[in-house]
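Secondary and tertiary structure notes
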Amino acid sequence: LDEKIWLTISFGIIMMFMFFTGYQAFALDMAPPSNKEIIDPQKVDQTAPFDKPGVNKIGESEYEVVMTLQAFSFNPGNFEVPAGSTVHFTLTSKDVVHGFEVAGTNLNAMVMPGHIQKITQKFNKPGTYLVLCNEYCGAGHQAMSTTITVK
Ligand code: CUA
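Residues numbered from 1 in each chain as written. Predicted model: local features only at pLDDT ≥ 70, side-chain atom pairs only at ≥ 80, totals over all residues. Heavy atoms only, no water.

**Observations concerning the side chain of Thr-105**
Under the convention used in this document: Here a strand is any run of E in DSSP of at least two residues, a helix any run of H or I of at least four, and the numbering for each starts at the N terminus. Here a polar contact is taken to be a pair of N or O atoms separated by no more than 3.5 Å, where protein atoms must pair a possible hydrogen donor with a possible acceptor and residues adjacent in sequence count only if both atoms sit in side chains. Pairs of residues are marked as contacts when any of their non-hydrogen atoms sit within 4.5 Å.
Along the chain, Thr-105 falls in the loop between strand S6 (98-102) and strand S7 (108-111). Engagement of the side chain of Thr-105 in a polar contact is seen with the backbone oxygen of Val-102, the distance being 2.8 Å. Within the structure, the side chain of Thr-105 is placed 3.0 Å from the backbone nitrogen of Leu-107, a separation counted as a polar contact. In this structure Thr-105 touches Gln-121, Phe-123 and Tyr-129, once residues within four positions along its chain are discounted.

**A word on the domain arrangement of the chain**
Often, the extent of an interface is quoted as the loss of accessible area upon association of its parts. Note the threshold: Residue ranges assigned to the domains are those given by an automatic or database domain assignment.
Taken domain by domain, the chain holds domain 1 (1-30) and domain 2 (40-150). Between the C-alpha centres of domain 1 and domain 2 there is a distance of 35 Å.

**A few points about helix H1 (residues 2-27)**
The condition that has to hold: In this analysis, the expected span of each helix is defined as 1.5 Å times one less than the number of residues it contains. Burial status follows relative accessibility: with a 1.4 Å probe on protein chains alone, a residue under 20% of its type maximum counts as buried, one over 50% as exposed, and anything between as partly exposed.
With 26 residues, H1 extends 36 Å from end C-alpha to end C-alpha; this agrees with the ideal 38 Å at 1.5 Å per step. Taking burial as the measure, the 26 residues of H1 include zero buried ones, a minor fraction of the element. Two residues or fewer after H1 comes Asp-29, characterised by a positive phi angle close to 60°.

If you want it as structure tokens, here you go:
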């Protein structure tokens, strides 16, 4: 009888894991960037929305940041948003795989050439947030950083 109980518990745990994985993938859209829209990396500059990288106010305390990454910079870099803003990032790379990590937040994304990476963060605390590339991308990798200022 004991074995049947443990078998049922194990099976239940496996089903629970499968449910959470499925929920994250489909309901929360937490797919790897490889599953997201693909654009020709050579034509990033001509492809919307990346033809106009920048910071756009899209609502009350809500911003959209369209950003391109390339060795070894972020465009736009050093931008500013008011404290309490929710920022929706739409990212892509123009050359190789880069990383997008914002120190002191949960933002940490892989940005692949031609793939669109979307990630959202609310910035409550004023300060200067360091943005780092955390994927080795070439000789200038260690210099690839910028900042986000929250006022
Ligand atoms: Cu870009 Cu490392």
